[in-house]
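Spelled out, the chains give:
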Amino acid sequence: MRISTRGRYALRFMIDLAQHDSGKYTTLKDISGRQDISIKYLEQITSLLSKFGLLNSVRGPQGGYKLARKPEEYTVAQILKITEGDLAPVACLETNENECPHRADCPTLPLWQGLSKVINDYLTKITLADLLHNVTAPENLTYII
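Rules of the game
Residues numbered from 1 in each chain as written. Predicted model: local features only at pLDDT ≥ 70, side-chain atom pairs only at ≥ 80, totals over all residues. Heavy atoms only, no water. Axes fitted to C-alpha atoms, helices over the stretch in contact; angles between N-to-C directions. Helix = DSSP H or I, 4+ residues; strand = E, 2+ residues; numbered from the N terminus. Left-handed = near helix turned anticlockwise from the far one by under 90°. Contact = heavy atoms within 4.5 Å. Nonpolar A, V, L, I, M, F, W, Y, C, P; charged D, E, K, R; others polar. Core = buried A, V, L, I, M, F, W, Y, C linked by side-chain atoms within 4.5 Å. Buried < 20%, exposed > 50% of the residue type's maximum accessible area, 1.4 Å probe, protein only. Parallel < 35°, antiparallel > 145°, perpendicular 65-115°, else oblique. Phe/Tyr/Trp six-rings, centres within 6.5 Å; stacked < 30°, edge-to-face > 60°. Lys NZ or Arg CZ within 6 Å of the ring centre and 35° of its normal.

Asks: How should I be thinking about the packing of helix H2 (residues 28-35) against helix H3 (residues 39-51) in this particular structure?
Replies: A pair of packed helices is captured by two measures, namely the crossing angle of their axes and the spacing between those axes. It is at 10 Å that the axes of H2 and H3 come closest, and there the two elements cross at 115 degrees. Read as a crossing pair, H2 and H3 show a hand that is right-handed. Residues Leu 28, Lys 29, Ile 31 and Ser 32 of H2 pack against Ile 39, Leu 42, Glu 43 and Thr 46 of H3. Class assignment of the residues belonging to the contact of H2 with H3 gives a composition of four nonpolar, two polar and two charged.

Asks: Any chance you could explain the nonpolar core here in plain terms?
Replies: Soluble globular proteins: nonpolar side chains tend toward being buried together. The biggest cluster of nonpolar side chains holds 30 residues, and the ones touching the most others in it are Phe 13, Met 14, Leu 49, Leu 55, Leu 67, Ile 79 and Leu 128. Of all the secondary structure elements, the ones that give two or more residues to this core are helix H1 (5-19), H2, H3, strand S2 (64-67), helix H4 (76-84) and helix H5 (109-125). No other element matches the eight residues that H1 contributes to this core. Beyond its immediate sequence surroundings of up to four residues, Leu 128 is in contact with Met 14, Ile 15, Ala 18, Leu 67, Pro 71, Tyr 74 and Ile 79.

Asks: Help me out: how do you make sense of the packing of H1 against H2 in this one?
Replies: Look at H1 against H2: their axes get within 11 Å of each other, and the N-to-C directions meet at 110 degrees. By the angle class used here, H1 and H2 are roughly perpendicular. Note that H1 runs across H2; the crossing there is right-handed. Of H2, the residues touching H1 (which contributes Arg 12, Phe 13, Asp 16 and Leu 17) are Leu 28, Ile 31, Arg 34 and Gln 35. Residues belonging to the contact of H1 with H2 are distributed by class as follows: four nonpolar, one polar and three charged.

Asks: What am I meant to see in the packing of aromatic side chains here?
Replies: The geometry of an aromatic ring pair is captured by the separation of the ring centres together with the interplanar angle, meaning the angle of the planes. With the rule as written, the count across this model stands at two aromatic pairs. Ring geometry for Tyr 9 versus Tyr 41: centroids 5.3 Å apart, planes at 65 degrees, classification edge-to-face. Residue Tyr 9 is located in helix H1, and its partner Tyr 41 is located in helix H3; the two are separated by 32 residues in the primary sequence. Given a relative accessible area of 19%, Tyr 9 falls into the buried group. With a centroid separation of 6.3 Å and an interplanar angle of 75 degrees, the aromatic rings of Phe 13 and Tyr 65 are classed as edge-to-face. Of this pair, Phe 13 sits in helix H1 while Tyr 65 sits in strand S2, placing them 52 residues apart in sequence. Here Phe 13 falls in the buried class, since its relative accessible area comes to 0%. It is Lys 66 that lies over the ring of Tyr 25; its NZ or CZ is 4.6 Å from the centre. Residue placement shows Arg 69 over the ring face of Tyr 74; its charged tip is 4.4 Å from the ring centre.

None of this, on its own, says anything about what the molecule does.
Structure below.
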């Protein structure tokens, strides 16, 4: 599994909104300048995040973007799933119904299922607020595959 530029930039975008939350809307121009991300790319990201209700937006000279909820209410998993799609480490786990013809006798399937669970559990426990405070690993998370 590799997180694309879109996923990484979406996290940076959301963190920037949280860091610079003054109650007013923040323009893409301001965020683009601070994050060194093109406005065109940010427009693609904001379109996705807005579609799923993560952002509030207003058009016009006083317009821009702000978080729809508090930073504590967003998980890294939620943001990445919107921008990346499924976070499965292998193709056979990308859908609810594993279509692989070898699934019944695949000796590695439990390995990939365990890895997928660890990834999802980890990313679900980290919030945007945690990233604001540079928290990278929840202390109560154990890694058992």
